[in-house]
Amino acid sequence: MSARTHTRPHPATPGGVGTRLPWWALALPTLAFITLLLLVLNPSDAHATGGDPAMAHLVERVRQLVDRP
């Protein structure tokens, strides 16, 4: 005698699996990006490198744009 199988009329989880992210899944990468950006834009560290002056001008321009009210 074979056992009867029951089929579900609808999916077990509505909306698919894993459609919502926890708050920290967006907050932590955003915080890391902002922290690294502030480290790059720190004026005391920007002039310490004696490399390409075009890169120093680019970093200074980005810093000015970020500091604008």
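Residues numbered from 1 in each chain as written. Predicted model: local features only at pLDDT ≥ 70, side-chain atom pairs only at ≥ 80, totals over all residues. Heavy atoms only, no water.

## So, the overall build of the chain
Right, on to step 1. Helix and strand counts for the chain stand at three helices and zero strands.
Right, on to step 2. Helices (α) and strands (β) of the chain occur, in sequence order from the N terminus, as α-α-α.
Right, on to step 3. Burial status across the chain gives 3% buried among its 69 residues.
Right, on to step 4. Looking at the chain as shown, the accessible area adds up to about 6,700 Å², and 66% of this sits on carbon and sulfur atoms. (Helix = DSSP H or I, 4+ residues; strand = E, 2+ residues; numbered from the N terminus. Buried < 20%, exposed > 50% of the residue type's maximum accessible area, 1.4 Å probe, protein only. Areas by Shrake-Rupley, 256 points an atom, 1.4 Å probe, with all protein chains shown as cover.)

## Comments concerning the confidence of the model for the chain
Right, on to step 1. The predicted model of the chain averages 75 in pLDDT, with 67% of residues at 70 or higher.
Right, on to step 2. Summarising per-element confidence for the chain, the mean pLDDT is lowest in helix H2 (residues 43-46) (58) and highest in helix H1 (residues 24-41) (88). (pLDDT = per-residue confidence, 0-100.)

## Considerations on the pattern of salt bridges
Right, on to step 1. If you walk through the whole model with that rule in mind, you get two salt bridges.
Right, on to step 2. Salt-bridge contacts for Asp-67 lead to Arg-63; the nearest nitrogen and oxygen are separated by 2.9 Å. Placement of both Asp-67 and Arg-63 in helix H3 (residues 53-67) is noted, with a separation of four residues, approximately one turn of the helix.
Right, on to step 3. One connected set of salt bridges, linked through shared partners, spans Glu-60, Arg-63 and Asp-67. (Salt bridge = Lys/Arg side-chain N within 4 Å of Asp/Glu carboxyl O.)

## So, a nonpolar patch on the surface
Right, on to step 1. Nonpolar side chains collect at one region of the surface, where Trp-23, Trp-24, Leu-28 and Leu-31 lie side by side and expose about 530 Å² of accessible area between them.
Right, on to step 2. Tracing the chain through its elements places Leu-28 in helix H1. (Patch = residues over 30% accessible without salt bridge, like charges linked within 9 Å, V, L, I, M, F, W, Y side chains within 5 Å.)

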